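Here are the chains, one letter per residue:
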Amino acid sequence: MKRNVFLLLLAVILVAAPLSFIRHSEFGGTDDKAEKAIQAIDPKYKPWFETIFEPPGGEIETLLFSVQAAIGAGVIGYIIGVYKGRADRRDEAK
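Below is a short write-up of the structure. (Residues numbered from 1 in each chain as written. Predicted model: local features only at pLDDT ≥ 70, side-chain atom pairs only at ≥ 80, totals over all residues. Heavy atoms only, no water.)

### Quick notes on the packing of aromatic side chains
How two aromatic rings sit relative to each other is set out by the distance from centre to centre and by the angle between their planes. Scanning the entire structure with this criterion turns up zero aromatic pairs. The ring of Tyr83 carries Arg86 above its face, with NZ or CZ at 5.5 Å from the centroid. (Phe/Tyr/Trp six-rings, centres within 6.5 Å; stacked < 30°, edge-to-face > 60°. Lys NZ or Arg CZ within 6 Å of the ring centre and 35° of its normal.)

Here it is as C-alpha cells:
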C-alpha cells in the first residue's frame, strides 16, 4: 500500500514539476487556428464561456492533455482487465 501511494505521489510530482519551471512558452495548436478562423468569419462572435484554468504555455497544455489521455487509457485498460479476469475465473470454475 505504501509503495502504491509513493508511486502515485511521484507521478503527480513528475507531472506538476514542469508547471512551475516553464513560463511564457509559445505553442500554436488547432484551438488558436480555430479561434482565428471564427474571428475572420464573424468578428462580433463572443465565446459562450471563459476558460477556468489557463496554463502558462502551450507545452504545459500539451503535457496536461497527454496526462489526461494516459489516465483515460489506464482506466479503460483497467476495466478491460477486470472483465477479462472475471471471464477467466468463470472459465476456470466450469
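There's plenty left to go through after this.
### As for the packing of helix 1 (residues 2-21) against helix 3 (residues 58-93)
The interhelical angle for the contact between helix 1 and helix 3, taken along N-to-C directions, is 165 degrees, at an axis separation of 10 Å. With respect to helix 3, the axis of helix 1 lies roughly antiparallel. The handedness of the crossing between helix 1 and helix 3 comes out as left-handed. Between helix 1 and helix 3, the residues in contact are Val15, Pro18 and Leu19 and Ile60, Leu63 and Val67, respectively. Within the contact of helix 1 with helix 3, the residues separate by chemical class into six nonpolar, no polar and no charged. (Axes fitted to C-alpha atoms, helices over the stretch in contact; angles between N-to-C directions. Helix = DSSP H or I, 4+ residues; strand = E, 2+ residues; numbered from the N terminus. Parallel < 35°, antiparallel > 145°, perpendicular 65-115°, else oblique. Left-handed = near helix turned anticlockwise from the far one by under 90°. Contact = heavy atoms within 4.5 Å. Nonpolar A, V, L, I, M, F, W, Y, C, P; charged D, E, K, R; others polar.)

### Considerations on the pattern of salt bridges
The tally for this structure, following the rule as stated, stands at one salt bridge. Between Asp88 and Lys84 there is a salt bridge, and its shortest N-O distance comes to 3.0 Å. Placement of the pair is Asp88 and Lys84 together in helix 3, with a separation of four residues, close to one helical turn. You can call Asp88 partly exposed: its relative accessible area is 30%. (Salt bridge = Lys/Arg side-chain N within 4 Å of Asp/Glu carboxyl O. Buried < 20%, exposed > 50% of the residue type's maximum accessible area, 1.4 Å probe, protein only.)

### Examining a nonpolar patch on the surface
The grouping of Ile71, Val75, Tyr78, Ile79 and Tyr83 at the surface amounts to a nonpolar patch, some 560 Å² of accessible area in total. Here Val75 lies in helix 3. For Val75, a relative accessible area of 44% corresponds to the partly exposed category. (Patch = residues over 30% accessible without salt bridge, like charges linked within 9 Å, V, L, I, M, F, W, Y side chains within 5 Å. Areas by Shrake-Rupley, 256 points an atom, 1.4 Å probe, with all protein chains shown as cover.)

### Brief notes about a negative patch on the surface
Together, Asp31, Asp32, Glu35, Glu54 and Glu61 give the surface a local cluster of negative charge. Take Glu35: its relative accessible area is 51%, and that puts it in the exposed class. (Lys, Arg positive; Asp, Glu negative; His and termini not counted. Charge placed at Lys NZ, Arg CZ, Asp CG, Glu CD.)

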